[in-house]
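Inside the fold
Read off the chains here:
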Amino acid sequence: MDATAAVRTGCPFTDKRSAVERAENAPTEMCSPVSETIGAGEMPVANWINVAELREDPYPTYARLRNESPVAWVPAIKKVLIASFAGCLFAEQHPEIFSNNVSGAHMTRAFGGQPMIRQDGADHSAERNVINQTLRPKKIKEVWEARFIANTQTYLDALEDGGPGADLNDVFAAPLAAKNLIDLLGLSCVAPADVARWSADFMAGAGNVLDDQDIWLRCQRSREELGSALDEAFARLRKNPDDSIISLLIHSGMPEESVRANVTLTISGGVSEPQHIMTSSVSLLTQHPEFLSWAQEEPTRFEQVFQETLRLQSPIAMITRETTTDTEVDGFRIPGGSQIGLLLASANRDVLAIENPDEFDPTHEARRHLGFGSGDHLCAGKWAAEAAVGRIAVPALYERFPTLRTDPAHPGTWNGWVFRGFSSLPVVW
Amino acid sequence: MISATFNHPEGTTDTLQIDPGVSLMKAAVLNGIGNIIGECGGQAMCATCHVLVQPEYRDQLPPLGEDEDEMLDCAATERTEGSRLGCQLKAGEHFSAIEVDLPEAQ
Ligand code: FES
(Lines give C-alpha, C1' and ligand atoms only; values in the text may rest on other atoms or scores of the structure.)
Protein backbone atom coordinates (compact mmCIF):
# COMPACT_ATOMS: atom_id res chain seq x y z
CA MET A 1 0.00 0.00 0.00
CA ASP A 2 1.31 3.32 -0.98
CA ALA A 3 0.64 5.24 2.17
CA THR A 4 3.24 7.92 1.79
CA ALA A 5 2.83 9.10 -1.78
CA ALA A 6 3.76 12.73 -1.56
CA VAL A 7 1.01 15.03 -2.67
CA ARG A 8 2.62 17.00 -5.42
CA THR A 9 0.49 19.27 -7.37
CA GLY A 10 1.28 20.98 -10.56
CA CYS A 11 0.15 21.46 -14.06
CA PRO A 12 1.38 19.73 -17.14
CA PHE A 13 0.74 23.06 -18.83
CA THR A 14 3.38 24.69 -16.76
CA ASP A 15 6.00 22.48 -15.23
CA LYS A 16 7.52 21.11 -18.37
CA ARG A 17 8.76 24.21 -20.08
CA SER A 18 12.26 23.27 -19.23
CA ALA A 19 11.81 20.36 -21.58
CA VAL A 20 10.93 22.35 -24.63
CA GLU A 21 14.07 23.87 -25.88
CA ARG A 22 16.21 21.21 -24.41
CA ALA A 23 14.36 18.59 -26.37
CA GLU A 24 13.96 20.69 -29.45
CA ASN A 25 17.57 21.85 -29.43
CA ALA A 26 18.98 18.45 -28.69
CA PRO A 27 21.35 17.29 -31.40
CA THR A 28 19.69 15.00 -33.90
CA GLU A 29 21.53 11.75 -34.18
CA MET A 30 22.02 9.84 -37.37
CA CYS A 31 19.15 7.51 -38.03
CA SER A 32 19.74 3.84 -37.62
CA PRO A 33 17.14 1.49 -38.99
CA VAL A 34 16.42 -0.61 -35.92
CA SER A 35 16.18 -0.25 -32.18
CA GLU A 36 19.11 -1.83 -30.40
CA THR A 37 18.13 -3.96 -27.46
CA ILE A 38 20.67 -3.95 -24.69
CA GLY A 39 19.48 -7.00 -22.78
CA ALA A 40 16.34 -8.69 -21.50
CA GLY A 41 14.35 -6.38 -19.27
CA GLU A 42 16.77 -3.59 -20.07
CA MET A 43 15.54 -0.61 -21.98
CA PRO A 44 15.90 -0.67 -25.74
CA VAL A 45 17.78 2.24 -27.28
CA ALA A 46 15.71 4.02 -29.90
CA ASN A 47 18.48 5.75 -31.78
CA TRP A 48 16.39 6.01 -34.94
CA ILE A 49 14.39 8.89 -33.50
CA ASN A 50 14.95 12.13 -35.27
CA VAL A 51 13.85 15.46 -33.82
CA ALA A 52 13.31 16.99 -37.27
CA GLU A 53 10.81 14.22 -38.06
CA LEU A 54 9.06 14.78 -34.74
CA ARG A 55 8.59 18.42 -35.66
CA GLU A 56 7.29 17.50 -39.09
CA ASP A 57 4.81 14.86 -37.91
CA PRO A 58 5.42 13.14 -34.58
CA TYR A 59 2.73 10.49 -34.82
CA PRO A 60 4.56 7.88 -36.95
CA THR A 61 7.43 8.01 -34.45
CA TYR A 62 5.05 7.55 -31.53
CA ALA A 63 3.35 4.61 -33.27
CA ARG A 64 6.69 2.90 -33.88
CA LEU A 65 7.74 3.48 -30.28
CA ARG A 66 4.52 1.96 -28.97
CA ASN A 67 4.97 -1.07 -31.23
CA GLU A 68 8.66 -1.66 -30.74
CA SER A 69 9.61 -0.24 -27.39
CA PRO A 70 7.04 1.62 -25.31
CA VAL A 71 9.89 2.36 -22.88
CA ALA A 72 13.12 3.36 -24.59
CA TRP A 73 16.25 5.40 -24.07
CA VAL A 74 16.28 8.03 -26.78
CA PRO A 75 19.72 9.55 -27.31
CA ALA A 76 18.43 12.35 -29.53
CA ILE A 77 16.27 13.64 -26.68
CA LYS A 78 18.48 12.44 -23.82
CA LYS A 79 15.54 10.94 -22.03
CA VAL A 80 13.80 7.68 -21.37
CA LEU A 81 10.56 8.02 -23.32
CA ILE A 82 7.42 6.24 -22.18
CA ALA A 83 4.98 5.94 -25.08
CA SER A 84 2.17 3.67 -23.83
CA PHE A 85 -1.03 4.77 -22.13
CA ALA A 86 -0.53 2.28 -19.30
CA GLY A 87 3.08 3.38 -18.78
CA CYS A 88 2.25 7.09 -18.72
CA LEU A 89 -0.66 6.48 -16.37
CA PHE A 90 1.51 4.39 -14.05
CA ALA A 91 4.03 7.21 -13.87
CA GLU A 92 1.33 9.79 -13.18
CA GLN A 93 -0.10 7.60 -10.43
CA HIS A 94 3.31 7.26 -8.75
CA PRO A 95 4.60 10.78 -8.23
CA GLU A 96 6.84 9.51 -5.43
CA ILE A 97 8.83 7.61 -8.09
CA PHE A 98 8.32 9.98 -11.03
CA SER A 99 9.23 13.29 -9.44
CA ASN A 100 8.46 16.60 -11.08
CA ASN A 101 11.44 18.20 -9.45
CA VAL A 102 13.54 18.33 -12.61
CA SER A 103 15.82 20.94 -14.12
CA GLY A 104 14.57 23.54 -11.69
CA ALA A 105 17.53 25.83 -12.05
CA HIS A 106 16.66 27.20 -15.45
CA MET A 107 13.05 27.68 -14.55
CA THR A 108 13.98 29.43 -11.33
CA ARG A 109 16.29 31.79 -13.17
CA ALA A 110 13.75 32.42 -15.92
CA PHE A 111 10.93 33.05 -13.48
CA GLY A 112 12.98 35.00 -10.96
CA GLY A 113 11.94 32.74 -8.09
CA GLN A 114 10.70 29.35 -7.06
CA PRO A 115 7.19 28.69 -8.35
CA MET A 116 4.94 26.19 -6.59
CA ILE A 117 5.69 23.62 -9.23
CA ARG A 118 9.16 23.16 -7.79
CA GLN A 119 7.98 22.47 -4.28
CA ASP A 120 6.86 19.19 -2.85
CA GLY A 121 4.49 17.79 -0.32
CA ALA A 122 2.26 19.75 1.98
CA ASP A 123 3.63 23.25 1.21
CA HIS A 124 3.07 22.69 -2.42
CA SER A 125 -0.39 21.29 -2.07
CA ALA A 126 -1.34 24.19 0.21
CA GLU A 127 -0.33 26.65 -2.51
CA ARG A 128 -2.11 24.74 -5.21
CA ASN A 129 -5.25 24.61 -3.07
CA VAL A 130 -5.31 28.39 -3.01
CA ILE A 131 -5.71 28.68 -6.75
CA ASN A 132 -7.97 25.62 -7.01
CA GLN A 133 -10.59 27.68 -5.16
CA THR A 134 -11.29 29.83 -8.17
CA LEU A 135 -10.78 27.10 -10.76
CA ARG A 136 -13.50 24.67 -9.70
CA PRO A 137 -16.62 24.42 -11.88
CA LYS A 138 -18.88 26.54 -9.69
CA LYS A 139 -16.63 29.60 -9.70
CA ILE A 140 -15.95 29.11 -13.38
CA LYS A 141 -19.68 29.28 -13.98
CA GLU A 142 -20.51 32.07 -11.56
CA VAL A 143 -17.54 34.32 -12.08
CA TRP A 144 -15.54 33.52 -15.16
CA GLU A 145 -17.90 32.36 -17.88
CA ALA A 146 -19.35 35.83 -18.42
CA ARG A 147 -15.81 37.17 -18.99
CA PHE A 148 -14.94 34.36 -21.35
CA ILE A 149 -18.11 35.07 -23.32
CA ALA A 150 -17.42 38.81 -23.54
CA ASN A 151 -13.81 38.19 -24.58
CA THR A 152 -14.94 35.72 -27.22
CA GLN A 153 -17.27 38.33 -28.69
CA THR A 154 -14.43 40.86 -28.86
CA TYR A 155 -12.25 38.57 -30.91
CA LEU A 156 -15.13 37.29 -33.04
CA ASP A 157 -15.55 40.95 -34.05
CA ALA A 158 -11.85 41.13 -34.82
CA LEU A 159 -12.11 38.02 -36.98
CA GLU A 160 -15.10 39.46 -38.80
CA ASP A 161 -13.15 42.66 -39.44
CA GLY A 162 -10.28 40.57 -40.78
CA GLY A 163 -12.66 38.99 -43.27
CA PRO A 164 -12.34 35.60 -45.00
CA GLY A 165 -8.68 34.66 -45.29
CA ALA A 166 -7.83 36.00 -41.82
CA ASP A 167 -5.48 33.97 -39.67
CA LEU A 168 -7.58 32.32 -36.96
CA ASN A 169 -4.51 31.88 -34.78
CA ASP A 170 -3.33 35.49 -34.85
CA VAL A 171 -6.64 37.29 -34.90
CA PHE A 172 -8.72 35.05 -32.64
CA ALA A 173 -7.15 32.11 -30.82
CA ALA A 174 -3.95 33.67 -29.46
CA PRO A 175 -5.38 37.00 -28.23
CA LEU A 176 -8.51 35.33 -26.82
CA ALA A 177 -6.48 32.78 -24.86
CA ALA A 178 -4.25 35.58 -23.54
CA LYS A 179 -7.17 37.83 -22.61
CA ASN A 180 -8.97 35.04 -20.73
CA LEU A 181 -5.79 34.43 -18.77
CA ILE A 182 -5.35 38.15 -18.03
CA ASP A 183 -8.81 38.15 -16.48
CA LEU A 184 -8.30 34.94 -14.51
CA LEU A 185 -5.05 36.29 -13.12
CA GLY A 186 -6.52 39.67 -12.21
CA LEU A 187 -4.18 41.81 -14.30
CA SER A 188 -5.53 44.95 -15.86
CA CYS A 189 -4.34 47.43 -18.46
CA VAL A 190 -2.25 44.70 -20.03
CA ALA A 191 -2.42 43.93 -23.75
CA PRO A 192 -3.01 40.32 -24.81
CA ALA A 193 -0.18 40.62 -27.33
CA ASP A 194 2.24 41.48 -24.50
CA VAL A 195 1.10 38.53 -22.41
CA ALA A 196 1.55 36.22 -25.40
CA ARG A 197 5.08 37.58 -25.89
CA TRP A 198 5.95 37.22 -22.19
CA SER A 199 4.66 33.67 -22.29
CA ALA A 200 6.97 32.82 -25.18
CA ASP A 201 9.96 34.48 -23.48
CA PHE A 202 9.44 32.67 -20.17
CA MET A 203 9.08 29.36 -21.96
CA ALA A 204 12.30 29.99 -23.84
CA GLY A 205 14.02 30.93 -20.57
CA ALA A 206 12.81 27.87 -18.69
CA GLY A 207 14.34 25.75 -21.44
CA ASN A 208 17.49 27.83 -21.90
CA VAL A 209 19.91 24.99 -21.28
CA LEU A 210 22.37 26.46 -23.74
CA ASP A 211 22.54 29.68 -21.68
CA ASP A 212 21.74 31.87 -24.65
CA GLN A 213 22.28 35.43 -23.36
CA ASP A 214 19.69 36.85 -25.70
CA ILE A 215 17.04 34.59 -24.19
CA TRP A 216 18.00 35.65 -20.65
CA LEU A 217 17.71 39.30 -21.72
CA ARG A 218 14.28 38.71 -23.24
CA CYS A 219 13.21 36.95 -20.05
CA GLN A 220 14.54 39.77 -17.96
CA ARG A 221 12.72 42.39 -20.01
CA SER A 222 9.44 40.49 -19.92
CA ARG A 223 9.79 39.95 -16.17
CA GLU A 224 10.23 43.69 -15.70
CA GLU A 225 7.17 44.47 -17.79
CA LEU A 226 5.13 41.89 -15.91
CA GLY A 227 6.62 43.27 -12.68
CA SER A 228 5.11 46.71 -13.28
CA ALA A 229 1.76 45.17 -14.12
CA LEU A 230 1.97 43.17 -10.88
CA ASP A 231 2.84 46.24 -8.81
CA GLU A 232 -0.39 47.79 -10.00
CA ALA A 233 -2.36 44.55 -9.43
CA PHE A 234 -0.98 44.04 -5.90
CA ALA A 235 -1.92 47.59 -4.83
CA ARG A 236 -5.41 47.31 -6.32
CA LEU A 237 -6.18 43.78 -5.09
CA ARG A 238 -4.85 44.35 -1.58
CA LYS A 239 -7.52 47.04 -1.20
CA ASN A 240 -10.23 45.32 -3.19
CA PRO A 241 -9.89 41.55 -3.12
CA ASP A 242 -11.69 39.59 -5.81
CA ASP A 243 -11.81 36.05 -7.21
CA SER A 244 -8.73 36.42 -9.38
CA ILE A 245 -5.71 34.16 -8.94
CA ILE A 246 -3.40 37.02 -7.95
CA SER A 247 -5.87 38.24 -5.35
CA LEU A 248 -6.22 34.77 -3.85
CA LEU A 249 -2.46 34.31 -3.77
CA ILE A 250 -1.63 37.61 -2.09
CA HIS A 251 -4.41 37.23 0.45
CA SER A 252 -3.28 33.69 1.26
CA GLY A 253 -0.21 35.18 2.89
CA MET A 254 2.18 34.01 0.21
CA PRO A 255 5.25 36.26 -0.02
CA GLU A 256 5.13 38.65 -2.97
CA GLU A 257 8.19 37.13 -4.54
CA SER A 258 6.52 33.72 -4.68
CA VAL A 259 3.35 35.24 -6.08
CA ARG A 260 5.46 36.80 -8.84
CA ALA A 261 7.10 33.47 -9.64
CA ASN A 262 3.77 31.65 -9.68
CA VAL A 263 2.14 34.22 -11.94
CA THR A 264 5.11 33.95 -14.27
CA LEU A 265 4.61 30.20 -14.30
CA THR A 266 0.91 30.56 -15.07
CA ILE A 267 1.58 32.97 -17.92
CA SER A 268 4.23 30.76 -19.43
CA GLY A 269 1.85 27.82 -19.39
CA GLY A 270 -1.66 29.13 -19.80
CA VAL A 271 -1.73 30.72 -23.22
CA SER A 272 -0.68 28.37 -25.97
CA GLU A 273 -2.65 25.28 -24.94
CA PRO A 274 -6.17 26.72 -25.10
CA GLN A 275 -5.04 28.61 -28.20
CA HIS A 276 -3.94 25.39 -29.89
CA ILE A 277 -7.15 23.55 -29.06
CA MET A 278 -9.19 26.31 -30.69
CA THR A 279 -7.28 26.12 -33.97
CA SER A 280 -7.03 22.33 -33.94
CA SER A 281 -10.79 22.03 -33.39
CA VAL A 282 -11.50 24.13 -36.46
CA SER A 283 -9.00 22.15 -38.51
CA LEU A 284 -10.49 18.80 -37.46
CA LEU A 285 -14.07 19.95 -37.95
CA THR A 286 -13.14 21.15 -41.44
CA GLN A 287 -11.82 17.69 -42.25
CA HIS A 288 -14.92 16.08 -40.72
CA PRO A 289 -17.96 18.12 -41.73
CA GLU A 290 -20.21 15.30 -40.52
CA PHE A 291 -19.12 15.96 -36.94
CA LEU A 292 -19.52 19.69 -37.42
CA SER A 293 -23.19 19.22 -38.36
CA TRP A 294 -23.54 16.77 -35.47
CA ALA A 295 -22.20 19.36 -33.02
CA GLN A 296 -24.17 22.22 -34.54
CA GLU A 297 -27.39 20.28 -33.96
CA GLU A 298 -26.73 20.31 -30.22
CA PRO A 299 -24.04 22.80 -29.21
CA THR A 300 -23.25 21.05 -25.90
CA ARG A 301 -21.64 18.45 -28.15
CA PHE A 302 -18.80 20.90 -28.74
CA GLU A 303 -17.61 19.83 -25.29
CA GLN A 304 -17.00 16.37 -26.72
CA VAL A 305 -15.26 17.97 -29.70
CA PHE A 306 -13.00 19.71 -27.20
CA GLN A 307 -12.08 16.47 -25.41
CA GLU A 308 -11.54 14.56 -28.64
CA THR A 309 -9.35 17.33 -30.06
CA LEU A 310 -7.30 17.38 -26.89
CA ARG A 311 -6.86 13.63 -27.18
CA LEU A 312 -6.01 13.46 -30.87
CA GLN A 313 -3.84 16.58 -31.13
CA SER A 314 -2.59 16.94 -27.59
CA PRO A 315 -0.99 20.39 -27.33
CA ILE A 316 1.38 19.12 -24.64
CA ALA A 317 2.92 16.06 -26.20
CA MET A 318 5.53 15.38 -23.55
CA ILE A 319 5.93 16.12 -19.88
CA THR A 320 9.14 15.49 -18.00
CA ARG A 321 9.86 13.67 -14.79
CA GLU A 322 12.87 12.28 -12.98
CA THR A 323 12.88 8.87 -11.32
CA THR A 324 13.72 8.91 -7.62
CA THR A 325 14.48 5.18 -7.50
CA ASP A 326 14.81 2.13 -9.76
CA THR A 327 11.46 1.13 -11.15
CA GLU A 328 9.81 -1.01 -13.79
CA VAL A 329 7.36 0.10 -16.46
CA ASP A 330 5.77 -2.18 -19.06
CA GLY A 331 8.30 -4.86 -18.08
CA PHE A 332 11.36 -2.63 -18.61
CA ARG A 333 13.72 -1.61 -15.83
CA ILE A 334 14.33 2.12 -15.47
CA PRO A 335 17.18 3.21 -13.18
CA GLY A 336 16.67 5.83 -10.50
CA GLY A 337 17.84 9.30 -11.49
CA SER A 338 16.69 8.91 -15.09
CA GLN A 339 15.27 11.84 -17.02
CA ILE A 340 11.86 10.71 -18.23
CA GLY A 341 9.62 11.99 -20.99
CA LEU A 342 6.01 10.90 -20.70
CA LEU A 343 4.61 11.02 -24.22
CA LEU A 344 1.04 12.00 -23.49
CA ALA A 345 0.34 12.57 -27.19
CA SER A 346 1.37 8.98 -27.85
CA ALA A 347 -0.51 7.55 -24.87
CA ASN A 348 -3.61 9.26 -26.19
CA ARG A 349 -3.34 7.23 -29.40
CA ASP A 350 -2.58 3.87 -27.80
CA VAL A 351 -4.82 1.20 -29.30
CA LEU A 352 -4.52 -0.81 -26.09
CA ALA A 353 -6.44 1.93 -24.29
CA ILE A 354 -8.56 3.56 -26.99
CA GLU A 355 -10.55 2.07 -29.83
CA ASN A 356 -9.57 3.39 -33.30
CA PRO A 357 -7.24 5.86 -31.66
CA ASP A 358 -6.07 7.62 -34.84
CA GLU A 359 -9.61 8.54 -35.81
CA PHE A 360 -11.29 11.78 -34.83
CA ASP A 361 -14.62 10.72 -33.41
CA PRO A 362 -16.19 13.05 -30.86
CA THR A 363 -19.39 10.97 -30.76
CA HIS A 364 -17.67 8.35 -28.59
CA GLU A 365 -18.61 8.98 -24.99
CA ALA A 366 -15.71 9.07 -22.58
CA ARG A 367 -12.65 8.30 -24.64
CA ARG A 368 -10.35 8.66 -21.66
CA HIS A 369 -7.20 10.62 -22.41
CA LEU A 370 -4.22 12.08 -20.62
CA GLY A 371 -4.29 15.44 -22.38
CA PHE A 372 -4.49 17.29 -19.05
CA GLY A 373 -2.10 14.92 -17.35
CA SER A 374 -3.43 12.84 -14.48
CA GLY A 375 -3.05 12.53 -10.74
CA ASP A 376 -1.48 15.20 -8.57
CA HIS A 377 -0.27 17.00 -11.68
CA LEU A 378 -3.64 17.29 -13.35
CA CYS A 379 -3.87 20.68 -14.98
CA ALA A 380 -5.26 23.34 -12.65
CA GLY A 381 -6.82 25.08 -15.63
CA LYS A 382 -8.80 22.05 -16.79
CA TRP A 383 -12.27 23.34 -15.91
CA ALA A 384 -11.45 26.84 -17.09
CA ALA A 385 -10.24 25.52 -20.45
CA GLU A 386 -13.23 23.25 -20.91
CA ALA A 387 -15.52 26.23 -20.35
CA ALA A 388 -13.54 28.88 -22.23
CA VAL A 389 -12.80 26.75 -25.27
CA GLY A 390 -15.20 23.80 -25.35
CA ARG A 391 -18.36 25.46 -24.12
CA ILE A 392 -17.78 29.02 -25.27
CA ALA A 393 -15.19 29.91 -27.90
CA VAL A 394 -15.55 27.11 -30.43
CA PRO A 395 -19.37 26.94 -30.47
CA ALA A 396 -19.46 30.76 -30.70
CA LEU A 397 -17.18 30.68 -33.72
CA TYR A 398 -19.66 28.46 -35.57
CA GLU A 399 -22.63 30.41 -34.35
CA ARG A 400 -21.17 33.61 -35.83
CA PHE A 401 -19.70 31.93 -38.93
CA PRO A 402 -21.73 28.76 -39.58
CA THR A 403 -19.70 27.91 -42.68
CA LEU A 404 -16.29 28.56 -41.11
CA ARG A 405 -13.55 26.30 -42.50
CA THR A 406 -9.83 26.29 -43.05
CA ASP A 407 -8.71 28.02 -46.25
CA PRO A 408 -8.03 25.31 -48.85
CA ALA A 409 -5.73 27.69 -50.73
CA HIS A 410 -3.59 28.46 -47.68
CA PRO A 411 -3.08 25.47 -45.41
CA GLY A 412 -2.01 26.27 -41.89
CA THR A 413 1.47 25.72 -40.49
CA TRP A 414 2.38 23.59 -37.46
CA ASN A 415 5.02 24.36 -34.94
CA GLY A 416 6.87 22.37 -32.29
CA TRP A 417 6.48 18.85 -31.04
CA VAL A 418 6.83 18.98 -27.25
CA PHE A 419 4.31 21.79 -27.39
CA ARG A 420 2.53 21.40 -30.68
CA GLY A 421 -0.07 23.49 -32.41
CA PHE A 422 -0.84 25.65 -35.42
CA SER A 423 1.35 28.71 -35.78
CA SER A 424 -1.01 29.99 -38.46
CA LEU A 425 -4.40 28.83 -39.70
CA PRO A 426 -6.11 30.97 -42.35
CA VAL A 427 -9.88 30.48 -42.40
CA VAL A 428 -12.71 31.37 -44.76
CA TRP A 429 -16.51 31.46 -44.41
CA MET B 1 -5.36 -2.38 8.28
CA ILE B 2 -8.83 -1.15 7.46
CA SER B 3 -11.19 -3.13 5.32
CA ALA B 4 -12.90 -1.56 2.29
CA THR B 5 -15.31 -3.33 -0.01
CA PHE B 6 -16.07 -2.09 -3.51
CA ASN B 7 -19.18 -3.33 -5.30
CA HIS B 8 -18.83 -2.93 -9.05
CA PRO B 9 -21.76 -2.01 -11.27
CA GLU B 10 -21.07 -5.26 -13.18
CA GLY B 11 -21.96 -7.21 -10.03
CA THR B 12 -18.48 -8.25 -8.85
CA THR B 13 -16.91 -7.22 -5.57
CA ASP B 14 -13.35 -6.37 -4.46
CA THR B 15 -12.12 -6.05 -0.92
CA LEU B 16 -8.92 -4.29 0.14
CA GLN B 17 -7.07 -3.92 3.41
CA ILE B 18 -5.94 -0.30 3.56
CA ASP B 19 -3.17 1.30 5.61
CA PRO B 20 -4.39 4.04 7.97
CA GLY B 21 -4.17 7.50 6.44
CA VAL B 22 -4.60 6.32 2.85
CA SER B 23 -7.65 7.53 0.99
CA LEU B 24 -10.23 5.19 -0.47
CA MET B 25 -9.43 6.61 -3.93
CA LYS B 26 -5.66 6.11 -3.64
CA ALA B 27 -6.09 2.57 -2.35
CA ALA B 28 -8.45 1.69 -5.19
CA VAL B 29 -6.34 3.25 -7.94
CA LEU B 30 -3.03 1.79 -6.76
CA ASN B 31 -4.57 -1.66 -6.45
CA GLY B 32 -6.17 -1.65 -9.88
CA ILE B 33 -9.78 -1.57 -8.71
CA GLY B 34 -11.71 -0.55 -11.83
CA ASN B 35 -14.58 1.93 -12.06
CA ILE B 36 -12.70 4.58 -10.10
CA ILE B 37 -10.26 6.96 -11.74
CA GLY B 38 -9.02 9.64 -9.33
CA GLU B 39 -7.90 11.89 -12.15
CA CYS B 40 -6.82 14.82 -9.97
CA GLY B 41 -4.88 12.75 -7.48
CA GLY B 42 -7.14 13.70 -4.60
CA GLN B 43 -7.47 17.50 -4.76
CA ALA B 44 -11.28 17.47 -5.00
CA MET B 45 -10.87 18.87 -8.51
CA CYS B 46 -12.23 16.10 -10.76
CA ALA B 47 -15.09 14.03 -9.23
CA THR B 48 -13.81 10.84 -10.88
CA CYS B 49 -13.50 9.10 -7.50
CA HIS B 50 -17.25 9.15 -6.87
CA VAL B 51 -18.41 6.36 -4.53
CA LEU B 52 -21.83 5.55 -3.08
CA VAL B 53 -21.37 4.65 0.57
CA GLN B 54 -23.66 1.90 1.89
CA PRO B 55 -26.10 3.30 4.49
CA GLU B 56 -24.66 1.51 7.54
CA TYR B 57 -21.22 3.07 6.97
CA ARG B 58 -22.32 6.68 6.52
CA ASP B 59 -22.65 7.86 10.12
CA GLN B 60 -18.95 7.56 10.94
CA LEU B 61 -17.97 9.81 8.03
CA PRO B 62 -17.18 13.51 8.41
CA PRO B 63 -19.74 15.95 6.93
CA LEU B 64 -19.41 16.79 3.25
CA GLY B 65 -16.77 19.43 2.61
CA GLU B 66 -17.76 22.46 0.56
CA ASP B 67 -15.44 21.52 -2.32
CA GLU B 68 -16.53 17.91 -2.14
CA ASP B 69 -20.17 18.93 -2.28
CA GLU B 70 -19.56 21.18 -5.27
CA MET B 71 -17.58 18.56 -7.16
CA LEU B 72 -20.18 15.85 -6.58
CA ASP B 73 -22.55 18.02 -8.61
CA CYS B 74 -20.17 17.47 -11.55
CA ALA B 75 -19.98 13.70 -11.18
CA ALA B 76 -20.64 11.70 -14.34
CA THR B 77 -23.24 9.59 -12.54
CA GLU B 78 -25.89 11.56 -10.74
CA ARG B 79 -25.23 11.87 -7.02
CA THR B 80 -27.39 10.22 -4.40
CA GLU B 81 -27.58 10.44 -0.65
CA GLY B 82 -24.59 8.19 -0.09
CA SER B 83 -22.39 9.96 -2.65
CA ARG B 84 -18.89 10.93 -1.52
CA LEU B 85 -15.54 11.62 -3.12
CA GLY B 86 -13.30 8.64 -2.39
CA CYS B 87 -10.26 10.91 -2.21
CA GLN B 88 -11.68 12.79 0.77
CA LEU B 89 -12.20 9.65 2.87
CA LYS B 90 -9.11 8.43 4.69
CA ALA B 91 -8.84 5.00 6.25
CA GLY B 92 -8.64 5.14 10.03
CA GLU B 93 -9.25 8.88 10.16
CA HIS B 94 -12.71 8.80 8.60
CA PHE B 95 -13.78 5.17 8.59
CA SER B 96 -12.92 2.01 10.44
CA ALA B 97 -14.51 -0.20 7.79
CA ILE B 98 -16.46 0.73 4.68
CA GLU B 99 -18.48 -0.68 1.85
CA VAL B 100 -19.22 1.36 -1.26
CA ASP B 101 -20.97 0.87 -4.59
CA LEU B 102 -19.11 2.18 -7.60
CA PRO B 103 -21.14 4.22 -10.07
CA GLU B 104 -21.78 3.30 -13.71
CA ALA B 105 -19.56 6.12 -14.96
CA GLN B 106 -16.87 8.36 -13.49
S1 FES C 1 -9.55 12.24 -7.10
FE2 FES C 1 -10.27 14.03 -8.04
S3 FES C 1 -11.95 14.60 -6.85
FE4 FES C 1 -11.21 12.83 -5.87
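Everything numeric here is computed off the predicted structure, so don't read it as measured data.

Here we take up helix α15 (residues 302–312) of chain A. Residue and element names in this part refer to chain A. Taking burial as the measure, the eleven residues of α15 include eight buried ones, the bulk of the element. For α15, the set of buried residues is Phe302, Val305, Phe306, Glu308, Thr309, Leu310, Arg311 and Leu312. Residues of α15 that are buried sit in contact with α3 (59–68), α13 (272–287), α14 (289–297) and α17 (382–400).

One non-glycine residue with positive phi stands out, namely Cys189(A), at about 55°. Summarising the element assignment, Cys189(A) is placed in the loop between α8 (168–185) and α9 (192–206). Residue classification places Cys189(A) among the exposed positions, given a relative accessible area of 81%. In this structure, Ala47(B) takes a positive phi of about 60° despite not being glycine. Mapped onto the elements of the fold, Ala47(B) is located in the loop between α1 (24–30) and β3 (50–53). Classification of Ala47(B) by relative accessible area gives buried; the value is 3%.

All right, on to the pattern of salt bridges then. Residue and element names in this part refer to chain A. Scanning the model with the defined rule gives 26 salt bridges over all chains in all. Its salt-bridge partner being Asp194, residue Arg197 comes within 3.0 Å of it at the nearest N-O pair. With a gap of three residues between them, Arg197 and Asp194 both fall in helix α9, about one helical turn apart. When its relative accessible area of 28% is taken as the criterion, Arg197 is described as partly exposed. Each of the salt bridges in this network shares a partner with another, and the network as a whole consists of Asp231, Arg238, Glu256 and Arg260.

Another point: the sheet that holds strand β4 (residues 318–323) of chain A. Residues and elements named next belong to chain A. The five strands lie next to each other as β1-β2-β7-β4-β3, forming an open sheet whose pairing is mixed. Each edge of the sheet is formed by a strand with only one pairing partner; in this case those strands are β1 (71–74) and β3 (98–99). Here strand β2 (residues 79–82) runs beside strand β7 (residues 339–343); their pairing, made up of three bridges, is parallel. Residue Ile82 lies in a different strand from β7, and its bridge partner there is Leu342. Of the strands in this sheet, β2, β3, β4 and β7 are in contact with helix α4 (residues 85–93), which crosses β7 at around 125°.

Moving on, we get to the interface of chain A and chain B. In this assembly, 24 residues from chain A lie in contact with 22 residues from chain B. For the pair chain A and chain B, the two sides together bury roughly 1,900 Å², of which 56% comes from carbon and sulfur. The tally of links from chain A across to chain B stands at nine residue pairs in polar contact (both at pLDDT 80 or more). Elements represented by at least two residues in the side of chain A that touches chain B include exactly α6 (121–135), α7 (137–162) and α17 of chain A. Of the residues in the side of chain A that touches chain B, the class split is eight nonpolar, eight polar and eight charged.

The next point concerns the packing of α7(A) against α17(A). Residue and element names in this part refer to chain A. Running from N to C, α7 and α17 point in directions that differ by 35°, and their axes come no closer than 9 Å. With respect to the hand of their crossing, α7 and α17 are arranged in right-handed fashion. Contacts between α7 and α17 involve Pro137, Ile140, Lys141, Glu145, Phe148, Ile149, Thr152, Gln153, Leu156, Asp157, Leu159 and Glu160 from the former and Trp383, Ala384, Ala387, Ala388, Arg391, Ile392, Ala393, Ala396, Leu397 and Arg400 from the latter. For the contact of α7 with α17, the class distribution of residues is 14 nonpolar, two polar and six charged.

Now for the sheet that holds strand β1 (residues 2–7) of chain B. Residues and elements named next belong to chain B. Strand order in this open sheet of five strands is β2-β1-β5-β3-β4, and the pairing throughout is mixed. Among the strands making up the open sheet, the edge pair consists of β2 (13–18) and β4 (83–85). Strand-to-strand, the axes of this sheet are offset by a mean angle of 35°, without reference to chain direction.

On average, residues of chain A score 86 in pLDDT, and 87% of them reach the 70 mark or higher. Per-residue pLDDT stays below 50 along residues 1–40 of chain A; that stretch engages in 152 contacts with residues further than four places along the chain or on separate chains.

What counts and how
- Residues numbered from 1 in each chain as written.
- Chains lettered and ligands numbered in written order.
- Predicted model: local features only at pLDDT ≥ 70, side-chain atom pairs only at ≥ 80, totals over all residues.
- Heavy atoms only, no water.
- Buried < 20%, exposed > 50% of the residue type's maximum accessible area, 1.4 Å probe, protein only.
- Helix = DSSP H or I, 4+ residues; strand = E, 2+ residues; numbered from the N terminus.
- Contact = heavy atoms within 4.5 Å.
- Salt bridge = Lys/Arg side-chain N within 4 Å of Asp/Glu carboxyl O.
- Pairing = 2+ DSSP bridges.
- Axes fitted to C-alpha atoms, helices over the stretch in contact; angles between N-to-C directions.
- Buried area = accessible area lost by both parts, 1.4 Å probe.
- Polar contact = N/O pair within 3.5 Å; in protein donor to acceptor, adjacent residues only side chain to side chain.
- Nonpolar A, V, L, I, M, F, W, Y, C, P; charged D, E, K, R; others polar.
- Left-handed = near helix turned anticlockwise from the far one by under 90°.
- pLDDT = per-residue confidence, 0-100.

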